[in-house]
Amino acid sequence: MKRPVHPLLARPLRRLGLDRGGASADPARLRALVDAVGRRYARFEAAVDAERQSHRIAATGLAHANAALRAERRTLESHVHERTAQLEQSRVDLLEAQLLAGLGSWSYREGDRGIEVSAQLAQLLGMDPDAPPASIEELLDYVVEDDRAGAQRSVEAALREPRRLTGELRLRDARGEVRWFASTIASQADEDGRVTRLRGAMLDVTARRLAESRVQRLAYHDDLTGLPNRAAFMEHIGESIAQARARSSRFALLFLDLDGFKEINDSLGHDAGDDLLRQVSQRIRACLRQADRLARFGGDEFLVLIDPVRKRRDVEVVTRKILKAVATPLKLDGLMATVSASIGIAMFPDDGGDPPRLLKNADAAMYQAKQGGRNALRFYAPQINASLREKVAMINDLRAAVARSALDVAYQPIVDGETGRVLGLEALARWDHPERGPITPAVFVPLAEETGLIGAIGTSVLARACAQLVAWDATRAPPPGTGGRPYLSVNVSPVQLREETFVRELRALLAATRLPASRLQLELTEGTVMDEPERAARVLGELSRMGIRIALDDFGTGHSSLAYLRTFPIGCIKIDRAFVVDLGREGPGVRQAAIVPAIVAIARSLGAGVVAEGVETGAQREALVAMGCREMQGYLFSRPLTADECGERFLGAETPAAAG
C-alpha cells in the first residue's frame, strides 16, 4: 500500500521527480532536498513557536482580564448590595418619619376592589393592615359624624373631574379617640378626561390643634379660675346688646371688687390668695342662673352679666345673694378668712348702649359702693360720673402740681401749754390750686395715697422743711431763755418707709443740710407701723440710732398692739384731736376725755413724750396740763403758717400769742 506523502515533502519531491517513483534520486539532489526540508522545517518550527508564544501572551492577558473582571464584578456587587441596603434603610427611615410625623396615605383606582392604605395610616387609625377598608365609604366611616358630610362632598367632587382639594377634618381611631388630620385629595384622569384614580394624604395635626385650642383658651379664659377673661366678656356684652335690642329687653352688668383681698394675699401668701379667688368664683357662679355669665376681670375683680332682666328689683335680689355668699367665711391654708365685696350695677339700655360705656358706669358705681363702706351694692346714677370726673380732674391737677413742685409747706408750732414756749414745728403739705383755691389735706392726701403720689410729696416736704429750719438757724439766734432751738416734726408715709433707700437718702439729706439728727422728729401713723411690724422695727431702729426721734401720730384711732409698741423706739406719742375735743366739758355724752389720761400713762410707761393735737380752748389746755401733758398743738396757739409768717411771728419771740 502506497503511503501518502507529507505535505511538507510533496513540493521538493516533485522537483526531484521522486513523487512518481522511478529511478533513485541523485545524492546531491537528495542532500539539497534534505537541506531544503530542514530549512523549511526550521521555519515551520519558528512559526509554530511564535504562534505558541502569541497564544501564551494572549492567554495570559485573557487571564488577567478575567481576574480584573471578576474583581470589578465583586466590587460592583458590593456597591449594589450597599446601595440596596441604603435604599432599604432610607425606605424604612421614610416610613418611620412618616409615622412620627403622623403622615399616612391611601389610593383608589376605579374598577379595583377596595382601596390601598399605607401602613402608617393603618397604624394611626388602628386599622388591620391585612384587611383595609373595602371602599371609600368604609374609609369615610372613620370620619366623625359632624365632618363626614363635608368629606363625602370632597370625594365626590374629586371623582367628577381632576382636581386637588385640601382641608382639615376629624377622624376617630379604633380606640375611639378623636384626632385632627390635614387631608389632601388629588384625582387623575385618562385621555378621555374620566377620573380613574384618587390619591389621598393624611397628616395628623392633633398636637397643633390642641396647642391652638390652648392658646385660644388662654386668650379668652382666666387660667386660675377657668372663667372667661375680660376680652371674652366684652364680646359677651356685645352679643347681649344685640340680642336685647332685637327683643327689646334689658340686662344688668355687675362690676364686683373684693374687699380685704390684698391683706389676705399679703399675709397668707399668693397661693392662699389664688385659692380664695377660685372659691369666690365658685360661690358667685352658684348664685347665678345657667344663662347668666361670669368672668374674671383681673386681680380681685369679677364681672357678672344677668341677662335678661325684667325688674330692677330682681337684679338687687341676685346681687345681695352674691354679697352674702362672698362674705361667708372660707378656709384658706387651714385658717378661716373672710372677705366682702363691693358691687356696682349698670343697666342696659338705661346706663349705656355699648360695652365700654356700660363697663365704665358699672365701675363707677362699684367705686361708690366701696366709698360708702364696702360690702355693699350701688346702682349707677348720672351724678356718680360727675363725681368721678371731678376726682379724675383733681388727680391730674395734683400730679401736675407734684411734678412742678407747686405744693407749699406750712408750719404749725408745738408749744409748752403752760409757758407758751415754742418747742417744735410740724411741717405740713399745703396745696393752693390756681383755680380752686386752697385744697385741704383731707381732700388731696387720700388722693395722693391712692395714686402713689404720697411718697413724692413726703420726700419733698421733708427736704424743704429741713432746709428751711437750717435757714432760720442761720438768720436768727435762739430766743433768750428758751433752752435751745425748736425741733422739726415731719410726717412720713408708709410708701416712704417701705423704700429700701429711705434711711440712706435721709442720712444724705441731713449731711447736705447740716441739720443735726436730734433736731428731727418723724411722725408715723399706727397703720404705717403696724402694716409691716418687723420691717418697721428694723427701719425705726436705724433711725433711732442716728439720733432721730420717732413720734406715733393719731394714737388711739387705729388698732395698735401694745406688745408691738414696746418693741419700737417710740420717743413721742401724739394724742388725736378726737380725744381732746371733750376735755373741759361735762355731760353724760363726754366719754372720749377719759381716754387721754390712759394715753399719757402709756407714754410714760414707754419713756416717751406726749403731744396733744387739736387744742382749741383754754379749758382743754388746762385739763391737759393737769394730766401732765404739757406739749400741745392747735388753733389755740396758731394755725399752720407759711415759712415767712412762722419765722416772723414765733422764732424771734419768747412767747407766742394765743389764737383762740
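Here the structure is a predicted model, which is why all the values come from computation and not from measurement.

Q: Could you clarify how one ought to interpret the sheet that holds strand 4 (residues 178-189) in this entry?
A: Adjacent strands of a sheet form backbone hydrogen bonds with each other and so pair up, either parallel or antiparallel. The five strands are arranged 2-1-5-4-3 in an open sheet whose pairing can be described as antiparallel. Whereas interior strands pair on both sides, the edge strands pair on one side only; in this sheet they are strand 2 (116-117) and strand 3 (164-172). Its contacts with the sheet put helix 5 (residues 145-160) on strand 1 (103-109), strand 3, strand 4 and strand 5 (195-204), and the angle it makes with strand 3 is roughly 150°.

Q: Just checking my understanding: could you explain the pattern of salt bridges for this structure?
A: Pairing between side chains becomes possible if they bear opposite charge and their charged atoms approach one another. Tallied over the entire structure, the rule returns 29 salt bridges. Measuring nitrogen to oxygen at the nearest pair gives 2.9 Å for the salt bridge that ties R170 to D147. Here R170, found in strand 3, pairs with D147, found in helix 5; they are 23 residues apart in sequence, far enough to count as distant. Residue classification places R170 among the partly exposed positions, given a relative accessible area of 23%.

Q: When you look at the pairing of strand 6 (residues 250-259) in this model, what are you seeing that I'm missing?
A: Counted residue by residue, strand 6 has nine buried out of 10 residues, so it is predominantly covered. Relative to strand 8 (residues 301-309), strand 6 runs antiparallel, the two being bridged by seven bridges. Note on strand 8: the bridge partner recorded for F255 is L303. Here strand 6 pairs with strand 11 (residues 340-348) via nine bridges, running antiparallel. Its bridge partner lying in strand 11, D259 is registered against S340.

Q: Is there a simple way to explain the packing of helix 7 (residues 230-247) against helix 11 (residues 355-371) in this structure?
A: Working note: a packed helix pair is described by the angle between its axes plus the distance between those axes. Contact geometry of helix 7 with helix 11 gives a least axis separation of 9 Å together with a crossing angle of 110°. It follows from the interaxial angle that helix 7 and helix 11 lie roughly perpendicular. As helix 7 packs across helix 11, the resulting crossing turns out to be right-handed. Contacts from R230, M234, I237, G238 and I241 in helix 7 reach P355, P356, L358 and L359 in helix 11. Residues that form the contact of helix 7 with helix 11 fall into these classes: seven nonpolar, one polar and one charged.

Q: Where do I start with the environment of E532 in this structure?
A: Note on placement: E532 falls in the loop between helix 17 (526-531) and helix 18 (533-546). Taking relative accessible area as the criterion, E532 reaches 35% and is therefore assigned partly exposed.

Definitions and cut-offs
- Residues numbered from 1 in each chain as written.
- Predicted model: local features only at pLDDT ≥ 70, side-chain atom pairs only at ≥ 80, totals over all residues.
- Heavy atoms only, no water.
- Pairing = 2+ DSSP bridges.
- Helix = DSSP H or I, 4+ residues; strand = E, 2+ residues; numbered from the N terminus.
- Contact = heavy atoms within 4.5 Å.
- Axes fitted to C-alpha atoms, helices over the stretch in contact; angles between N-to-C directions.
- Salt bridge = Lys/Arg side-chain N within 4 Å of Asp/Glu carboxyl O.
- Buried < 20%, exposed > 50% of the residue type's maximum accessible area, 1.4 Å probe, protein only.
- Parallel < 35°, antiparallel > 145°, perpendicular 65-115°, else oblique.
- Left-handed = near helix turned anticlockwise from the far one by under 90°.
- Nonpolar A, V, L, I, M, F, W, Y, C, P; charged D, E, K, R; others polar.

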